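Spelled out, the chains give:
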Amino acid sequence: MGNLSYLVGRLTDKSAKIGIVGLGYVGLPLAMRYAAVGYQVLGFDIDSSKISRLRKGESYIESIPASRIEQARAEGFSPTTDFAYAAEVDGLILCVPTPLNKYREPDLSFVFNTLEALLPHLKTGQIISLESTTYPGTTEEELKPRIESFGFKVGEDIFLVFSPEREDPGNKLYNAQSIPKICGGITENCLKAGLALYNHAIDQVIPVSDTRTAEMTKLLENIQRSVNIGLINEMKMIADKMGIDIYEVIRAAATKPFGFMPYYPGPGLGGHCIPIDPFYLSWKAREYDLHPRFIELAGEINAGMPAWVAEKITTILNFYQKSVRGRRILILGVAYKKNVDDVRESPAVKLMKILNDKGADIHYSDPHVPYFPETREYHSTLTSVSINQENLAGFDLLVLTTDHDKFDYELIKNSGKLIVDTRGVYPSSEKNVFMA
C-alpha cells in the first residue's frame, strides 16, 4: 500500500506532476484542464512543430485560443519532445491515435511505440492511463506485459488503468472538465489510483469493474451512433430513389414524443472515433468466432457514402449534358462536422479525392480550415476559396459537405449555378439545389 498511498496523496494535494502524451484534440484540452486546477503538467508529443508553437504560446487547435496556452504556460504547463522527462511525473496519460490499417484492422503502433519510448524512464509509484480507443483486452493483454517486462508489478509498483477519451470537438456544452469520465483498473489498487488521478480535474468519474469493461463502454457508445447513422444513410438512399425528402421524413418522425431519436444522414462519417472504433470490436470479435454483422454493415454503408455522393454528382451533371471531367467543383466544408477545424477521416476529403480521380478541377472553401492540412492519406497545396458572388459563380458545381454556421447560405444559393446539398440545409424544392 505504500506506493499507492503515496501516489494518491500527491494526486490529492496536487503536488503530483502529470504527463500528457499526445497533444492533439484530446491531449491538449486535457493538459489545459490539469494546469488550470493546479497541477504541474508536462506535455509530450513527437511533433516538434507542435511543441515549438506551444512554447511560443501559440495554439494549433481552433477551439483553444492562444491566450489559454499562455495561461497554462504561466500555470506550469511545459511541452517537450523528450520522453526522458517521463521520469519526473507521477501520472502518465496516453492520448495517441489508434487508426485502422488498409485492411481495416486495428493499428496500435502509436500506442506501442509511445509505451516503448516511455518504458526506460518509468519509476515505481507512477500511474499510467490509456485514453486511446481500442478493443477490449488491450490494456491487460498488451500494455501490462510490456510494463512488467521491465521488472515492475502492475498493481503494486505501477498502476495501470483505461479511461476512454470522450472529447467532442466544437461542443460548447461539454468539455474536458464536464464530460463524465469512465475509469477501469487492472487491479483494485489501480482503480483507486485512477480515481485519484481524475477526481480532482473532472467533475464526475465513473468507476467500472475492470479495463475490459471500460474499453467496451467506449466502443458501445460509438457503435450505437455508427449503426444508427448507417441506418439513416441507407434510408436516405432509398428515399432518394423514391423521390422522397428524407429530411422532411426525419422532421415528421421526430414529432413522436417517445421511442424515436432523430439521426441525420450526410456524405459519410468523419472524426477519429465513429468511422474507426466499430472495426476494433468486429476485429476482436473474430477471435471468439463471432461475426458482428450489424457493425460491419453499418461501417460499409457509412464508408461508401462519399462514393454514393460522387455518383449522384455524376448523374446530376449528366442530366445537364456535362461530364465530371474538367468541371470546376467547389467543396463547401472539409472539416468532418460543422463548426470545427478537424479534418480527420472527413468524408469531404474522401469525396474530393474521388472527384479528382474522375478528372474534376476540385477546390474547397472552409472558414475553419484556411489551408488544407497534411494528413497520413492525403497531401494537397489547396487553400480555402473566399465565399463571394464572383467566386461562387465561377464554379460549375457547389457541393455542400459540411454545414458550418459561418457559411452565407443565401449568398451560396443565389450565386451558385448548381448546388448539391448533402446536409439538408436547403428545401428540396429549390430549383438549382439537388439533395445527395
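These figures come from a predicted structure and were not determined experimentally.

**Observations concerning the packing of aromatic side chains**
Point 1. A complete count under the given rule lists eight aromatic pairs for this structure.
Point 2. Between Tyr-320 and Phe-434, the ring centres sit 6.2 Å apart and the planes meet at 85°, which makes this aromatic pair edge-to-face. Remark: Phe-434 occurs in strand β13 (residues 433-435) and Tyr-320 occurs in the loop between α12 (305-319) and β9 (328-332); sequence separation between them is 114 residues.
Point 3. Residue classification places Tyr-320 among the partly exposed residues on the basis of a relative accessible area of 35%.
Point 4. Accessibility expressed as a relative area gives 23% for Phe-434, which makes it partly exposed.
Point 5. Both rings, one in Tyr-364 and one in Phe-372, keep their centres 5.9 Å apart while their planes meet at 70°; by these two values the pair is edge-to-face. Note on accessibility: Tyr-364 and Phe-372 belong to one class, buried.
Point 6. Here a set of aromatic residues connected by ring pairs shows up, and it is made of Phe-319, Tyr-320 and Phe-434.
Point 7. Sitting over the ring of Phe-112, Arg-146 keeps its end group 3.9 Å from the ring centre.
Point 8. Lying across the ring of Phe-395, Arg-328 places its NZ or CZ 4.2 Å from the centre.

**Considering the sheet that holds strand β6 (residues 158-162)**
Point 1. On the basis of which strands lie adjacent, the open sheet formed by eight strands has the order β3-β2-β1-β4-β5-β6-β7-β8 and mixed pairing. A strand with exactly one partner marks an edge of an open sheet, and here the two such strands are β3 (77-80) and β8 (205-207). Sheet twist, expressed as the mean angle between neighbouring strand axes with direction ignored, is 25°.
Point 2. As judged from the three bridges shared by strand β7 (residues 181-185) and β8, these two strands associate in the parallel manner. The residue bridging Ile-182 from the neighbouring strand is Ile-206, located in β8.
Point 3. Against the sheet, helix α1 (residues 2-13) touches β1 (17-21), β5 (126-130) and β6, its axis set at about 60° to β6.

**Things to note about the pattern of salt bridges**
Point 1. Inspection of every chain in the model, using the stated rule, returns 25 salt bridges.
Point 2. Taking the shortest distance from any N to any O, the salt bridge between Glu-141 and Arg-212 comes out at 3.4 Å. Within this pair, whereas Glu-141 is found in helix α6 (residues 138-148), its partner Arg-212 is found in helix α8 (residues 211-242), the two being separated by 71 residues in sequence.
Point 3. Under the relative-accessibility criterion, Glu-141 is labelled partly exposed at 33%.
Point 4. Given the relative accessible area of 30%, Arg-212 is considered partly exposed.

**Quick word on the sheet that holds strand β12 (residues 419-421)**
Point 1. In space, the five strands of this open sheet follow the order β10-β9-β11-β12-β13, with parallel pairing throughout. If you trace the sheet from one side to the other, it starts and ends with β10 (361-365) and β13, each paired once. Mean inter-strand twist for the sheet, computed between neighbouring axes without regard to direction, equals 25°.
Point 2. Here β12 pairs with β13 via three bridges, running parallel. When the sheet's bridge partners are listed, Asp-421 is paired in β13 with Met-435.

Rules used in this analysis
- Residues numbered from 1 in each chain as written.
- Predicted model: local features only at pLDDT ≥ 70, side-chain atom pairs only at ≥ 80, totals over all residues.
- Heavy atoms only, no water.
- Phe/Tyr/Trp six-rings, centres within 6.5 Å; stacked < 30°, edge-to-face > 60°.
- Helix = DSSP H or I, 4+ residues; strand = E, 2+ residues; numbered from the N terminus.
- Buried < 20%, exposed > 50% of the residue type's maximum accessible area, 1.4 Å probe, protein only.
- Lys NZ or Arg CZ within 6 Å of the ring centre and 35° of its normal.
- Pairing = 2+ DSSP bridges.
- Axes fitted to C-alpha atoms, helices over the stretch in contact; angles between N-to-C directions.
- Contact = heavy atoms within 4.5 Å.
- Salt bridge = Lys/Arg side-chain N within 4 Å of Asp/Glu carboxyl O.

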